Amino acid sequence: MAGKVFFSVSMSLDGFIAPEERTDAPDVQRWTAQWMELQQWIFPQRFFRENLKLGEGGEEGRDNDIARETFERTGASVMGKRMFDLGEQAWPEEAPFHTPVFVVTHEKRDPWERPGGTTFHFVNEGIETALDLAREAAGDRDVRIAGGGATILDYVNAGLIDEFSIALSPVLFGSGIRLFEGVDASRVALQPVRAEPSPRVTHLTYTVRER
C-alpha cells in the first residue's frame, strides 16, 4: 500500500518558514541568524547530529524522536529548484536525505548521485509527475514534500497533501516567506491530529482533506 504524502517544517509564531531573501553580505548574515533561530530546536538533537555526522552525543527526548521518526518514514522526497540550488551549496558531500530526491525544475540534468544513498533526479514535467516518481521510489513508505514554501503550496493547492507537521518556534520574523501565502482556502480543510509541546517548540500535526 502506498504511503502518505506529507510535509514537515519549522515555522515562526507569526507564520513564516524562512526570512526574506537577502543579497548583500550583512543581510545574508542576518538571514542566516534568523533561520538558525527558527531551527534552533533541531540542532542539538542526537539524531540530527549523527545524521549529518556532526559528532556523537546530543539531546534525547520528544524533539529527537520526532526528528528520527520524520526521517524514518520518508522513502523519497520532492523539492523545488530553489531549495535544491541553496542546498547544493550548503549540504555536505553526503547529503542528509539518504533516499531518492525528485527536483521539480525546467532544467534538464542527469541524475546527481551522492554518497550515502541520496540521488537527485530532475523532473521537467511538473509536480504530479515528480510525485508519481517519488511514490514509486518510496514503495510503502511516505513521500515528503521537502520545500521550499512555493513548492509546498503547489502541492497543497493541488490537493496532493495527506498530512503535515509544523514545529512552531517561539520566534517572530515580522516578514519573510509565509507558509500559507496564496493557499486556496476554499478547497482545503484541516483535521487536528496532535499537539505536542516540548521545551523548545510545539509540534502540531494535521490531516488534510478537500473542503
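That block above? That's the structure.
Quick look at the structure, then.

About the cut-offs
Going along each chain's sequence as written, the residues are numbered from 1 onward. Given that this is a predicted model, residues contribute local features only at a pLDDT of at least 70 and side-chain atom pairs are listed and counted only at 80 or more, while totals for whole chains, interfaces and linings are drawn from all residues. To get the side-chain values, all heavy atoms of the structure are used, and hydrogens and water are removed first. Only DSSP runs of H or I with at least four residues qualify as helices, and only runs of E with at least two residues qualify as strands; both kinds are numbered from the N terminus onward. As defined in this context, the radius of gyration uses C-alpha atoms, and a globule is described by 2.2 Å times the residue total to the power 0.38. Should any heavy atoms of two residues lie within 4.5 Å, those residues are considered in contact. Where accessible areas are quoted, they stem from the Shrake-Rupley method and a 1.4 Å probe; at the residue level, only the protein chains shown are allowed to cover. Counted charges follow a simple rule, with Lys and Arg positive, Asp and Glu negative, and His plus the chain ends left uncounted. Charged side chains are reduced to one point each, which is NZ for Lys, CZ for Arg, CG for Asp and CD for Glu. By definition, two strands form a pair when at least two bridges between them are found by DSSP. Only the stretch in contact is used when a helix axis is fitted, and all axes are lines through C-alpha atoms; the angle between N-to-C directions ranges over 0 to 180 degrees.

Structural notes on the overall build of the protein
1) Next: Within the protein, the secondary structure is distributed over six helices and 11 strands.
2) Next: Taken over the C-alpha trace, the protein has a radius of gyration of 17 Å; the compact-globule value for 211 residues is 17 Å, and the two agree within 12%.
3) Next: In the protein, 63% of the contacts between residues at least 6 apart in sequence involve partners at least 24 apart.
4) Next: As displayed, the protein has an accessible area near 11200 Å², and 51% of this comes from carbon and sulfur atoms.
5) Next: Charge centroids of the protein, computed over 23 positive and 34 negative side chains, lie 2 Å from each other.

Focus on the sheet that holds strand 3 (residues 74-80)
1) Next: Spatially, the nine strands line up as an open sheet ordered 5-6-4-3-7-1-8-11-10, and their pairing is mixed. Each having just a single partner strand, strand 5 (112-113) and strand 10 (188-197) make up the two edges of the open sheet.
2) Next: Strand direction decides the pairing type here: strand 4 (residues 100-104) and strand 6 (residues 119-123), joined by five bridges, are parallel. The partner of Pro100 across the bridge, within strand 6, is Thr119.
3) Next: Against the sheet, helix 3 (residues 62-73) makes contact with strand 1 (5-12), strand 3, strand 7 (142-147), strand 8 (163-169), strand 10 and strand 11 (202-210), and its axis sits at roughly 85 degrees relative to strand 3, the strand it touches most.

A look at the pairing of strand 10
1) Next: With nine bridges connecting them, strand 10 and strand 11 associate as antiparallel partners. Looking across to strand 11, one finds that Ala189 is bridged to Arg209.
2) Next: In sequence, strand 10 turns back onto strand 11 through a hairpin of four residues.

A closer look at unusual backbone geometry
Most of the time, phi is negative for any residue but glycine, and the peptide bond is trans.
1) Next: Here the bond from Gly147 into Gly148 is cis, since omega is -5 degrees, no more than 30 degrees from zero.
2) Next: Relative to the helices and strands, Gly148 resides in the loop between strand 7 and helix 6 (149-157).
3) Next: Of note, Lys53 is a non-glycine position whose phi angle comes to about 55 degrees, a positive value.
4) Next: Topologically, Lys53 is positioned in the loop between helix 2 (46-51) and helix 3.
5) Next: At His98, a position not held by glycine, the phi torsion is positive, near 60 degrees.
6) Next: Its location among the elements puts His98 in the loop between helix 4 (81-90) and strand 4.

It is worth stressing that arrangement in space is one thing and function is another; only the former is reported here.
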